Amino acid sequence: MSTLLFPQTPLTLSQKPFLLSLRNPSFLPHTRKWTRPRGLILAKSNGNDSVDTTDRIISAVCYFYPFFDGVQYGKYVITQFSPIQALIQPLLPAIKVFKSFPLNGFLVFLTLYFVVVRNSNFSRYVRFNTMQAIVLDVLLIFPDLLERSFNPGDGLGLDLLMSLDSTVFLYLLVCLIYGSTSCLFGQIPRLPIVAEAADRQVL
């Protein structure tokens with residue numbers, strides 16, 4: 001019975017390469033290495049010690065630029081919600097200075113782009129966050145054009161305009177809080193829509 005289950009047959013030459021392959025892994029067929037799929041990361045940790053404090057502060061401050069430039073879209077929300085008024089109140093002096101001269105926004109744009117983004121002396125962390133703030137500010141062109149071409153006085157059109165302005169303002173406010181807070185903690189904030197465009201501009 002045992003001879004039927006385990007026949008005592010001598011090892012042939014054709015079986016020896018199989019034993020050699022077990023002893024020597026180089027004879028084994030190569031297996032494909034598993035790679036982790038890539039996905040969109042909204043906030044990537046960069047390590048608390050890997051980003052200088054100066055870089056964190058500069059990056060955090062840059063996100064105030066698009067918020068100051070688009071704060072006028074909050075004219076409906078700010079008057080209706082007192083918590084938002086309390087949140088904006090400490091920023092009013094800086095907003096007044098920013099809005100005091102019509103070309104201040106354009107001058108800040110040129111300064112951030114050519115002095116920071118295109119300056120290799122700054123780390124990529126600073127240049128990426130600065131570029132995100134710039135792209136976010138550039139996107140404000142679209143609601144501005146829509147508001148100039150479609151300016152209803154009352155009715156349904158006014159309700160739609162108020163909803164658009166409030167949405168833009170809240171988006172800017174969330175980006176400001178999220179971006180600045182992430183930078184202060186040494187993380188890399190990746191804003192929806194904005195992050196991919198910033199990546200292509202920063203080498």
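From a predicted model like this one, the values you see are computed outputs, not experimental measurements.

A. Local environment of the packing of helix 8 (residues 104–117) against helix 9 (residues 124–138). Two elements in contact, helix 8 and helix 9, have axes whose closest approach is 10 Å; the angle formed by their N-to-C orientations is 155 degrees. Between helix 8 and helix 9, the angle is such that the two are roughly antiparallel. Helix-helix and strand crossings are classified by hand; for helix 8 and helix 9 the assignment is left-handed. Counted together, Phe109, Leu112, Tyr113, Val116 and Val117 of helix 8 and Val126, Arg127, Thr130, Met131, Ile134 and Val138 of helix 9 form the full contact between these two elements.

B. Region of the structure containing the UniProt feature "transmembrane region" (unreviewed entry) in the chain. The UniProt feature table records "transmembrane region" (unreviewed entry) at residues 97–116, 128–146 and 166–185. The span residues 97–116 is 80% helical and 0% strand by assignment, and the distance between its end C-alpha atoms comes to 22 Å. What you have in residues 166–185 is 95% helix and 0% strand, and the ends, taken at the C-alpha atoms, are 29 Å apart.

C. Spotlight on the nonpolar core. Formed by 41 residues in total, the largest nonpolar core has its most connected members in Phe67, Met131 and Phe169. Looking at this core, the elements with two or more residues in it are helix 3 (53–62), helix 4 (64–69), helix 6 (82–88), helix 7 (92–99), helix 8, helix 9, helix 11 (155–184) and helix 12 (194–201). A total of 8 residues in this core trace back to one element, the largest contributor, which is helix 9. Apart from the residues lying within four places of it in its own chain, the contact partners of methionine 131 are Tyr113, Val117, Ala198, Gln201 and Val202.

What counts as what
- Residues numbered from 1 in each chain as written.
- Predicted model: local features only at pLDDT ≥ 70, side-chain atom pairs only at ≥ 80, totals over all residues.
- Heavy atoms only, no water.
- Axes fitted to C-alpha atoms, helices over the stretch in contact; angles between N-to-C directions.
- Helix = DSSP H or I, 4+ residues; strand = E, 2+ residues; numbered from the N terminus.
- Parallel < 35°, antiparallel > 145°, perpendicular 65-115°, else oblique.
- Left-handed = near helix turned anticlockwise from the far one by under 90°.
- Contact = heavy atoms within 4.5 Å.
- UniProt positions renumbered as here; feature names shortened; annotations may be inferred.
- Core = buried A, V, L, I, M, F, W, Y, C linked by side-chain atoms within 4.5 Å.
- Buried < 20%, exposed > 50% of the residue type's maximum accessible area, 1.4 Å probe, protein only.

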